[in-house]
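Next come the chains, spelled out residue by residue.
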Amino acid sequence: MIPKHRFELARSSPVTDLAWIGNNILLASDERDIHIVDVERMKEVATLKGHTECIIGIRYNPVTNILVSGGMDKFVFLWDLRLKKPFNTCLAHSRDVTSVDISFDGSVVLTTGLDGYCRVFSVFTGKCLKTITIMGSPDLSNAKMTLDGRFALITALDGSLSLWDLQTLTMVKAYKGHINGAFIVESHIGSWNNASSFVLAGGDDGTVRIWDYATAEPLAALSLIHI
């Protein structure tokens, strides 16, 4: 398959994450910047600067036009994309920020870090509202909120994958069989008809696993080793 478009960052910096905004794509890089690229023209139209180390994750909220980013400098940045400037920053973790997510209504941000914590921050004040600690305090790889903002799917580098209630700060489900201790990989909550239906995660054993969201029963395992 031949790509329709190709864009290369200056100095060929690795792209660590991306997000779509209309006809533009946002590219996070390990050179500390976020690049906004016009896809049709394959031209960089703006650069967001502020992080001091590699950016690991970015998420865009189309309702509020807010972008959130986090990385190895331990900070989370909240960007006003109209001004191309951060309107809030917060020291989120004591080690690398491994993932960021933003609620559907744009009011809170969810983060994970290599310090073993999953945290919820207010978008408007930058204050930490809640902290989740998983038993054993493993390094955390990723977290995703459900559409209603009630639950968070948290992936840890000890192989655990669990669903947490963000109101009570308790674990409500564990999705067993996930194997990952080496890579910062994303897990996802899939839906049909706007209802959470399945959980999907990839592991360092070369397998993508799918579970039923409600029952936590395994549905499928796809090995990518020989593909």
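Notes on the structure follow. (Residues numbered from 1 in each chain as written. Predicted model: local features only at pLDDT ≥ 70, side-chain atom pairs only at ≥ 80, totals over all residues. Heavy atoms only, no water.)

With that out of the way, let us pick up unusual backbone geometry. If you check the backbone angles, N65 has positive phi at about 60 degrees while not being a glycine. Note on N65: relative accessible area 23%, which makes it partly exposed. Unusually for a residue other than glycine, K84 sits at a positive phi of about 60 degrees. Secondary-structure assignment places K84 in the loop between strand 7 (75-80) and strand 8 (85-91). (Buried < 20%, exposed > 50% of the residue type's maximum accessible area, 1.4 Å probe, protein only. Helix = DSSP H or I, 4+ residues; strand = E, 2+ residues; numbered from the N terminus.)

Here we come to the pairing of strand 12 (residues 128-133). Across five bridges, the pairing between strand 11 (residues 117-122) and strand 12 is antiparallel. When the bridges of strand 12 are listed, Y117 appears paired with T133. (Pairing = 2+ DSSP bridges.)

Let's shift gears to the state of the cysteines. Within this structure, the stated rule accounts for zero disulfides. C128 provides the cysteine sulfur closest to C90, a residue in no disulfide bond, and the two sulfurs are 8.5 Å apart. C128 supplies the cysteine sulfur nearest to C118, a cysteine that is in no disulfide, at a spacing of 9.7 Å. (Disulfide = S-S within 2.5 Å.)

Most of strand 6 (residues 66-71) sits inside the fold, with six of its six residues counted as buried. Bridging between strand 5 (residues 55-61) and strand 6 involves six bridges; their strand directions are antiparallel. Note that in strand 6 the partner of Y60 across the bridge is L67. Between the antiparallel neighbours strand 5 and strand 6 lie four residues, among them N65 with a positive phi of about 60 degrees. Between strand 6 and strand 7, which pair antiparallel one after the other, the connecting turn spans three residues, and K74 there sits at a positive phi close to 80 degrees.

So, about the environment of S137. Locating S137 in the fold gives a position in the loop between strand 12 and strand 13 (140-145). When its relative accessible area of 39% is taken as the criterion, S137 is described as partly exposed.

Taken as a whole and assessed by the stated rule, the structure comprises ten salt bridges. Where R59 meets D17, a salt bridge forms, and the shortest distance between an N and an O atom there is 3.2 Å. Of this pair, R59 sits in strand 5 while D17 is found in strand 1 (residues 15-21), placing the two residues 42 residues apart along the sequence. For the pair shown, R59 and D17 are each scored as buried. (Salt bridge = Lys/Arg side-chain N within 4 Å of Asp/Glu carboxyl O.)

An order of 1-2-3-4 is seen for the four strands of this open sheet, with the pairing classed as antiparallel. Looking along the sheet, the strands with just one partner apiece sit at the ends: strand 1 and strand 4 (43-48). Adjacent strand axes in the sheet meet at a mean angle of 25 degrees, parallel and antiparallel pairs treated alike. Here strand 1 pairs with strand 2 (residues 24-29) via six bridges, running antiparallel. Counterpart to W20 in the pairing with strand 2 is I25. (Axes fitted to C-alpha atoms, helices over the stretch in contact; angles between N-to-C directions.)

Once that is clear, we can look at a nonpolar patch on the surface. Together, V15, L18 and W20 line one region of the surface with nonpolar side chains, adding up to about 310 Å² of accessible area. For W20, the position within the fold is in strand 1. (Patch = residues over 30% accessible without salt bridge, like charges linked within 9 Å, V, L, I, M, F, W, Y side chains within 5 Å. Areas by Shrake-Rupley, 256 points an atom, 1.4 Å probe, with all protein chains shown as cover.)

The antiparallel open sheet is built from four strands, whose spatial order is 13-14-15-16. Each having just a single partner strand, strand 13 and strand 16 (170-174) make up the two edges of the open sheet. Geometrically, the sheet is characterised by an average inter-axis angle of 30 degrees between neighbouring strands, direction not taken into account. The pairing of strand 14 (residues 151-156) with strand 15 (residues 161-165) spans five bridges and is antiparallel. Bridge pairing in strand 15 places A152 opposite W164.

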